[in-house]
Amino acid sequence: QVQLVESGGGLVQPGGSLRLSCAASGSIFSINAMGWYRQAPGKERELVATITTGGSTNYADSVTGRFTVSRDNAKDTVYLQMNSLKPEDTAVYYCNAGVRRVGTLRYLEVWGPGTLVTVSS
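Peer 1: I'm lost on the sheet that holds strand 8 (residues 77-82) in this one. Help?
Peer 2: Two orientations exist for strands paired in a sheet by backbone hydrogen bonds: parallel and antiparallel. A sheet is described by the order of its strands in space; here four strands give the open sequence 1-3-8-7, paired in antiparallel fashion. Lying at the two open borders of the sheet, with one neighbouring strand each, are strand 1 (3-7) and strand 7 (67-72). Strand after strand, the sheet turns through a mean of 15° between neighbouring axes, direction not considered. Bridging between strand 1 and strand 3 (residues 18-25) involves five bridges; their strand directions are antiparallel. Paired with serine 7 across the bridge in strand 3 is serine 21.

If you want it as structure tokens, here you go:
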């Protein structure tokens, strides 16, 4: 009953910006940490950024200073503001969250289907 859906991907030129959103929906009691991962063509999925419920963030070295992760707990939504995009940022971006469903005490890891970001001139 719980799902994550990413949006905001698309084609952008190097140096440009995109803002990704990931909204959780369903029978949600609470959401713990949320994060963004990406998988470039021919590469393994890698961590991009994470954010705790309290707003503490962590970034991959490759995106530090360019990307900003944030969340709106009232909307069960996490964002990824991507600035100064580079061709190597091209990837499918996935959001991830630890979600506690109504009626259970445990958190389950939930993944969105991904949104494609292409950085090309």
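Peer 1: How should the pairing of strand 8 be read in this particular structure?
Peer 2: Moving residue by residue along a regular strand, the side chains alternate between the two faces of the sheet. Counted residue by residue, strand 8 has five buried out of six residues, so it is predominantly covered. The pairing of strand 3 with strand 8 spans six bridges and is classified as antiparallel. Counterpart to serine 21 in the pairing with strand 8 is tyrosine 79. Taken together, the six bridges between strand 7 and strand 8 define a ladder with antiparallel strand orientation. For aspartate 72, the partnering residue across the bridge sits in strand 8 and is threonine 77. Hairpin connection between strand 7 and strand 8: a loop of four residues separates the two successive antiparallel strands, and aspartate 76 in this loop has a positive phi of roughly 50°.

Peer 1: I keep staring at the side chain of arginine 38 and nothing clicks. Help me out?
Peer 2: Secondary-structure assignment places arginine 38 in strand 4 (residues 28-39). Since its relative accessible area comes to 5%, arginine 38 is described here as buried. At a separation of 2.7 Å, a polar atom in the side chain of arginine 38 contacts the side chain of glutamate 46. At 2.9 Å, the side chain of arginine 38 and the side chain of tyrosine 93 are in polar contact. Setting aside anything within four residues of it in sequence, one finds arginine 38 in contact with Glu44, Arg45, Glu46, Val48, Ser62, Val63, Phe67, Glu88, Asp89, Ala91, Val92 and Tyr93.

Peer 1: Help me out: how do you make sense of the nonpolar core in this one?
Peer 2: The nonpolar side chains of a soluble globular protein tend to be buried with one another. Ranked by internal contacts, the top residues of the largest apolar core, which has 31 residues, are Trp36, Val48, Phe67, Val78, Leu80, Met82 and Tyr93. Mapped onto this core, the elements with two or more residues apiece are strand 3, strand 4, strand 5 (46-51), strand 7, strand 8, strand 9 (91-101) and strand 11 (115-119). With five residues, strand 9 is the single largest residue contributor to this core. Each residue touching methionine 82, except ones within four places of it in the same chain, is listed here: Gly16, Ser17, Leu18, Leu20, Arg66, Phe67, Tyr93 and Val117.

So, how was this worked out
- Residues numbered from 1 in each chain as written.
- Predicted model: local features only at pLDDT ≥ 70, side-chain atom pairs only at ≥ 80, totals over all residues.
- Heavy atoms only, no water.
- Pairing = 2+ DSSP bridges.
- Helix = DSSP H or I, 4+ residues; strand = E, 2+ residues; numbered from the N terminus.
- Axes fitted to C-alpha atoms, helices over the stretch in contact; angles between N-to-C directions.
- Buried < 20%, exposed > 50% of the residue type's maximum accessible area, 1.4 Å probe, protein only.
- Polar contact = N/O pair within 3.5 Å; in protein donor to acceptor, adjacent residues only side chain to side chain.
- Contact = heavy atoms within 4.5 Å.
- Core = buried A, V, L, I, M, F, W, Y, C linked by side-chain atoms within 4.5 Å.

What is shown is where atoms sit, not what they do.
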